[in-house]
Amino acid sequence: MDSILSLSNVSKSYGNFPVLNDIDLDIKKGEFVAILGPNGAGKTTLVKIMSTLSSPSEGSVEISGHNVADDSASVRSMIGVISHETHLYNDLTAEENLRFFGKMYGIGSDDLENRIDELLEQVELIGRADDRVSTFSRGMKQRLSIARSLIHEPQLLFLDEPYTGLDQHASLTFDKVLEELDPQDTTRVMVTHDITNTFKICSRVLILNGGRIVFDSPMSDIGSAEELKEIYLSKVSNHISV
Ligand code: ADP
């Protein structure tokens, strides 16, 4: 399998405060990787570095062979990020929002219009395509935000606690959209606290604690969600987060 994401000796400090310590990580195309860990373990910092939103203090990150520090523009067109922030324009309609982001990624007009319709169908907002986002409920904004992050068909999708604050409809829609993505087309890296769901949907699990990867295993080597919970507790209980 080809590697899509490689981190070599990545460390990050805020002032004198170390947050990530010497992380080496290789993620293959098609994997669905969960990152578990207690609050303050460095999960969000790690995802920000992987997704070009923050730079490491030391070490390097490569996505599909491109060094993120030298080539962040090419890398950004390959990745998508779903977090609890929606990053939408309230004064634009649902369709206009998707068109804006699609053009930003350089998608040609015909392809873009088809893609917008397809995504609005998927997130069940096709009937509200021409309504301004300011009139949407929080759940509808969340569903549109999922469509926004997928408009350019990213090869690598980062999900930072994507279920946090989702209402039930958005959560079910999100599950459906994830299921419909072809794993070979979209490698996924998800920060989450939900061990049961992680066991169900992810192919590999990392546990981060105190800024280090303290566990890394294919999910097929773990027998049940209960076993994963036990592993998690054993790995985080003896470590103090930095
Ligand atoms: P997690 O996502 O696992 O909860 P974070 O990556 O958000 O962990 O944070 C790891 C540590 O880094 C925490 O102690 C947090 O306070 C600190 N931290 C995160 N961002 C900053 C920042 N911009 N400036 C200073 N400290 C930060």
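Cut-offs and rules
Residues numbered from 1 in each chain as written. Predicted model: local features only at pLDDT ≥ 70, side-chain atom pairs only at ≥ 80, totals over all residues. Heavy atoms only, no water. UniProt positions renumbered as here; feature names shortened; annotations may be inferred. Helix = DSSP H or I, 4+ residues; strand = E, 2+ residues; numbered from the N terminus. Core = buried A, V, L, I, M, F, W, Y, C linked by side-chain atoms within 4.5 Å. Buried < 20%, exposed > 50% of the residue type's maximum accessible area, 1.4 Å probe, protein only. Contact = heavy atoms within 4.5 Å. Pairing = 2+ DSSP bridges.

- The chain has the name ABC transporter involved in cytochrome c biogenesis, ATPase component CcmA in an unreviewed UniProt entry, where Methanococcoides methylutens MM1 is given as its organism.

Quick look at the UniProt feature "domain: ABC transporter" (unreviewed entry) in the chain
Then, in step 1: Under the feature "domain: ABC transporter" (unreviewed entry), the UniProt entry names residues 5–235.
Then, in step 2: This span, residues 5–235, is 35% helix and 27% strand, and a straight line between its end C-alpha atoms measures 25 Å.

Considerations on the nonpolar core
Then, in step 1: By size, the foremost hydrophobic cluster in this structure holds 44 residues, and its most contacted members are Leu120, Leu144, Phe174 and Val205.
Then, in step 2: Counting only elements with at least two residues in this core, the list comes to strand E3 (32–36), helix H3 (94–104), helix H4 (109–122), helix H5 (138–150), strand E7 (156–160), helix H6 (168–180), strand E9 (204–209) and helix H8 (225–237).
Then, in step 3: Not counting the four nearest positions on each side in its chain, Leu144 is found in contact with Leu88, Ala94, Asn97, Leu98, Leu120, Leu125, Val133 and Phe136.
Then, in step 4: In this structure, Leu5, Ile23, Leu156 and Leu208 belong to the second largest nonpolar core, which totals 28 residues.

Quick word on the pairing of strand E10 (residues 212–218)
Then, in step 1: As paired elements, E9 and E10 share six bridges and run antiparallel to each other. Within the sheet, the bridge partner assigned to Ile207 lies in E10 and is Phe215.
Then, in step 2: Counted between consecutive antiparallel strands, the loop separating E9 from E10 contains two residues, among which Gly210 sits at a positive phi close to 55 degrees.

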